[in-house]
Amino acid sequence: MNKTSRHSSRASRAAYFFIAPGYIAFLALILGPLLYSIYLSFFNASFNLEAKTFRGLGQYLGLLDDSIFLKALGNTFKYVLVVVPSAIVVSLVIALMIERFGPRLQGLFRGAFYLPTVAGGVILSIVWIWIFNPTYGLLNYVLGAFGIQPVLWLSSPSTSFLSVCVVMLTYTIGQPIILFLAGLAGIQQDILDAATVDGVNAWQRILLIKIPCIRPVTLFVLATLTIQIFQSWETVFMLTQGGPSNSSTSLVFLIYQTAFISARVGKAAAMGVVLTVIIMIVTLFQIRMWREER
Amino acid sequence: MKRNLQCLMAIVLLFSMVAGATAQTKQKITFWAFGSEEAAKGDTGELWRDFYKKVFDQYMATHKDVDVSFAIRGYEAGGTTLFMDTAVAAGTPPDIYLDSNMRISKYYNQGLAADLSAVLTEADRKQYGNILKDFTAPDGKLWGVPVSGGYWDYIINKTLFDKKGLSNLLPKAPDYTWTTEQFLKAARAINDPANGVYATAFFAKSPSMDSAFNAFFGGFPGVEFYDQKTKTFKINSPQAIEALKFLHSLLDENLIVPGGAGFIDDDIDPYWINQNIAMIGGANWYAKITNKAIKEQGLPSFEYVLARYPNKVGAPPTPVATSDPDGFIVFKQKDPKNMPRILDLIKYLQSPEIASSIAGGWSKVPLRADAKNPFGDKDPDQKSWTDAARKFGTANYYYNTGVPNFNEVRQAWAEARQSFLQKDANIQKIMDDFVKRANQIIKQ
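Remember, predicted model here, so these are calculated numbers, not experimental data. (Residues numbered from 1 in each chain as written. Chains lettered and ligands numbered in written order. Predicted model: local features only at pLDDT ≥ 70, side-chain atom pairs only at ≥ 80, totals over all residues.)

1. Details of the overall build of chain B
Here is step 1 of the chain: In terms of regular secondary structure, chain B is built from 16 helices and twelve strands.
Here is step 2 of the chain: In terms of its C-alpha atoms, chain B occupies a principal-axis envelope of roughly 95 × 50 × 45 Å.
Here is step 3 of the chain: Looking at chain B residue by residue over its 444 residues, the buried ones come to 46%.
Here is step 4 of the chain: Counted over contacts in chain B with a minimum sequence separation of 6, partners at least 24 positions apart contribute 76%. (Helix = DSSP H or I, 4+ residues; strand = E, 2+ residues; numbered from the N terminus. Buried ≥ 20, exposed ≤ 12 C-beta atoms within 10 Å, placed from the backbone. Contact = placed C-beta atoms within 7 Å.)

Spelled out as structure tokens, the structure:
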């Protein structure tokens, strides 16, 4: 072996050595548990895993007869269909408004809108529990000033779902705003100047130039937000516990209830596999859209 | 030099082997108690962790072959214990766990509980009496050892009634019993939402403290939640619907804090201590937080009265509620040789003195008759409930005795109560749906 190949062989070994911890962590903490969950999903199992009994595909077929599972699945899709487009539109509008400001003011607004993202769903939910309080909450106080009767935001099946959506929106718009701002900053100035010369007005500049130019960013935000909302549960847990009467429950919250309250670990694993497959299909579809775009 | 170094290494190696061998003869026992490391005992104010350290240091001083490590794990509202569940799922539960019967029975139902029959002598069993049946398997084996429990009832803010000159509407000493009609009359008179006072409150967002709601059924004869003989749920019977219609009338007349379906018990605490609720069930808890709030937060003090839950006109007074008993569970050991020392530790922990101290910490009473009531006659609240329990009998309004998959049933009951606490609730349909679902759950 000559000096060069000895060196590259040593370099390869060193490289493997450095990436090994990451791979081991991936195998031990992600792939391993994922494969075990898939295995467990075919069993009737509680915490006493030694006593599990094989159920096979019957576990998955049984989910189709479970009205609460179907309700949670439906709600989860509804959360995605309501929150994701709303978050994209709201964050895009805010980004277009902030874009016009100077760097200092932009930085201030970026920080302000990103703060809820940093605080996270749990802390925001605790605050919103009191904003939504039917007797002393800020929201009903404001409505009362306009002569509107108090609304039972979290206690009524007709309003609990939308209340959870509102809270989800508050902490999901921060990151898209940052990304949209970066995308808008990346639009070449000469395109905008040429458009101005051609007599394009401000609205047309936004609709016909800026939004098409940041389409890759929009698709990325769409993909990441979709995955995030599919997996949402902390807001549901804190605000409504999935109630009243499962009107606001989500699939991940139901997985938590099934595993830790009902102690039906096998069934919870099956629900988790179903959710994983759904997210994979949706993500693959979005990636395909992105590739076509490129 | 080299030889000296070799000698030194040999000595160090020998010492390590001896130390290791000595350490191996000590059995490590892990003990977890439900609660919080930072919480203090209700009777003495001593931190729980300091209390348990004293208890185990005393034990280890006379049992040199045992090393006990303990932890006090936090809890989640809603009757779940995430730390424990995670440890059990990972195959690393503690050897001993102390918690309420509702929570430890989950692990017994999964076949994880060791047989503790050898812990109690006949004399011990006589001291515990009937409560042992809540910890006994159908084959007669003991899967848990009870420690503490208590009673609780209905609490009334007497100051609010006095201010409005309505004290004559309240139940009278010494029994403090009243009918549903008298209860409604008092509720209607005191209710004043415009000035921030509601007659009472319900909460149903989670299963937590559902027995405060369930205890109303005790005032309606013939209401049965679960029939242990036929193993079916009966809460959709005509008698139960009558009781539920009475309760729903409180919602229809706006006598309860709005939005109960979205509240847990903790959400109602500020309403009570700020005197926005005139009366509520679950007296044990509300008496405790009242005294604490007045002492620590400087809130205006108020006088409260402990009464019975109202009974239907013509029915006998409502039996006093027993709070869910606490007990020890031992997880099955991989090595059966570990059991004798663990059983010996349980025997020590359930002794009258320690049981009395654990009970006092939770403001409860020890379940052994020969253990001293930590409050004796010094605590008028405890005396009130204990006297009423002796006179009117007791009932377990958690309805968990003998119910398989109880936690899942309890969650379903919370969802049924959430539906019930809507203005347009179809009570019969809600209860029929719950009974159907609960009967399916217990068969799984």
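2. What to know about the overall build of chain A
Here is step 1 of the chain: When you go through chain A residue by residue, the secondary structure sums to 13 helices and two strands.
Here is step 2 of the chain: Expected size for 294 residues packed as a compact globule is a radius of gyration near 19 Å; at 24 Å, chain A overshoots this value by more than 25%.
Here is step 3 of the chain: Principal-axis analysis of the C-alpha atoms gives chain A an extent of 85 × 75 × 30 Å.
Here is step 4 of the chain: Within chain A, contacts between residues at least 6 apart in sequence are counted, and of these 70% link residues at least 24 apart. (Rg over C-alpha atoms; globule rule 2.2 N^0.38 Å.)

3. Here we look at the sheet that holds strand 5 (residues 154-157) of chain B
All names here are of chain B.
Here is step 1 of the chain: Taken in spatial order, the three strands of this open sheet run 8-5-9, and their pairing is antiparallel. The two strands at the open ends of the sheet, each matched to only one other strand, are strand 8 (279-281) and strand 9 (304-307). Across the sheet, the mean angle separating the axes of adjacent strands is 20° when strand polarity is ignored.
Here is step 2 of the chain: Here strand 5 runs beside strand 8; their pairing, made up of three bridges, is antiparallel. Looking at the pairing, Ile156 lines up with Met279 of strand 8.
Here is step 3 of the chain: The sheet strands contacting helix 11 (residues 283-297) are strand 5, strand 8 and strand 9, and the helix crosses strand 5 at an angle near 40°. (Pairing = 2+ DSSP bridges. Axes fitted to C-alpha atoms, helices over the stretch in contact; angles between N-to-C directions.)

4. Topic: the domain arrangement of chain B
All names here are of chain B.
Here is step 1 of the chain: Taken domain by domain, chain B consists of domain 1 (21-149 + 324-391) and domain 2 (152-321 + 398-443).
Here is step 2 of the chain: Relative placement of domain 1 and domain 2: their C-alpha centres are 29 Å apart.
Here is step 3 of the chain: In this complex, domain 1 contributes 16 residues to the contact, which on the side of domain 2 involves 20 residues.
Here is step 4 of the chain: Residue contributions to the side of domain 1 that touches domain 2 peak at five residues, all from helix 14 (residues 380-392).
Here is step 5 of the chain: Partitioned by chemical class, the residues of the side of domain 1 that touches domain 2 number five nonpolar, seven polar and four charged. (Domains from an automatic or database assignment. Nonpolar A, V, L, I, M, F, W, Y, C, P; charged D, E, K, R; others polar.)

5. Some words on the interface of chain A and chain B
Here is step 1 of the chain: Counting residues at the interface gives 23 residues for chain A, matched by 26 residues for chain B.
Here is step 2 of the chain: The leading source of residues in the side of chain A that touches chain B is helix 12 (residues 251-261) of chain A, at three residues.
Here is step 3 of the chain: Taken together, the residues of the side of chain A that touches chain B break down into eleven nonpolar, twelve polar and no charged.

6. What to know about the environment of Phe70 of chain B
Residue and element names in this part refer to chain B.
Here is step 1 of the chain: Structurally, the position occupied by Phe70 is in strand 2 (residues 66-73).
Here is step 2 of the chain: Exposure remark for Phe70: the 18 C-beta atoms within 10 Å place this residue in the partly exposed category.
Here is step 3 of the chain: C-alpha of Phe70 to C-alpha of Ile273: the two residues are 203 residues apart in sequence and 34 Å apart in space.
Here is step 4 of the chain: If we skip the residues at most four places from it in the chain, Phe70 touches Phe31, Trp32, Tyr52 and Phe56.

7. Some points on the nonpolar core
Here is step 1 of the chain: Of all hydrophobic cores here, the largest spans 97 residues; its most connected members are Ile96, Phe328, Val330 and Ile346 of chain B.
Here is step 2 of the chain: At eleven residues, helix 3 (residues 67-98) of chain A tops the list of elements feeding residues into this core.
Here is step 3 of the chain: Counting residues in each nonpolar core, the second largest holds 77 residues, with Trp152, Ala187, Met279 and Phe434 of chain B among its members. (Core = buried A, V, L, I, M, F, W, Y, C linked by C-beta atoms within 7 Å.)

8. Description of unusual backbone geometry
Here is step 1 of the chain: Residue Pro244 of chain A follows Gly243 of chain A across a cis peptide bond; omega there is -5°.
Here is step 2 of the chain: Mapped onto the fold, Pro244 of chain A is located in the loop between helix 11 (234-239) and helix 12.
Here is step 3 of the chain: Phi is positive for Ala263 of chain A, which is not a glycine, with a value near 55°.
Here is step 4 of the chain: Topologically, Ala263 of chain A is positioned in the loop between helix 12 and helix 13 (265-293).
Here is step 5 of the chain: One non-glycine residue, Tyr399 of chain B, adopts positive backbone phi at about 60°.

9. A closer look at helix 16 (residues 427-443) of chain B
Residues and elements named next belong to chain B.
Here is step 1 of the chain: Look at helix 16: 25 Å from first C-alpha to last across 17 residues, which is about the 24 Å you get at 1.5 Å a residue.
Here is step 2 of the chain: When we look at burial in helix 16, the residues that qualify are Ile430, Met431, Phe434, Val435, Ala438 and Ile441. Burial along helix 16 is one-sided: seen end-on, the buried residues are contained in an arc of 130°. Residues of helix 16 that are exposed and point over 90 degrees away from its buried face: Lys429, Lys436, Gln440 and Lys443.
Here is step 3 of the chain: Residues of helix 16 that are buried make contact with strand 7 (232-233), helix 9 (238-252) and helix 15 (406-420). (Expected span 1.5 Å × (residues − 1). Arc of directions from axis to C-beta.)

10. A short note on the confidence of the model for chain B
Residue and element names in this part refer to chain B.
Here is step 1 of the chain: Predicted confidence across chain B gives a mean pLDDT of 89, with 95% of residues reaching 70 or more.
Here is step 2 of the chain: Considering each helix and strand of chain B separately, the mean pLDDT is smallest for helix 1 (residues 2-25), with a value of 66, and largest for helix 7 (residues 180-190), with 98.
Here is step 3 of the chain: On the interface metric, ipTM, the complex scores 0.87, and its pTM is 0.83. (pLDDT = per-residue confidence, 0-100.)

11. Let's talk about the pairing of strand 5 of chain B
Residues and elements named next belong to chain B.
Here is step 1 of the chain: Where burial is concerned, the two faces of strand 5 agree: the one with Tyr154 and Ile156 and the one with Ile155 and Asn157 are both buried.
Here is step 2 of the chain: By the bridge criterion, four bridges tie strand 5 to strand 9 in an arrangement that is antiparallel. Considered in strand 9, the bridge of Tyr154 is made with Ala307.

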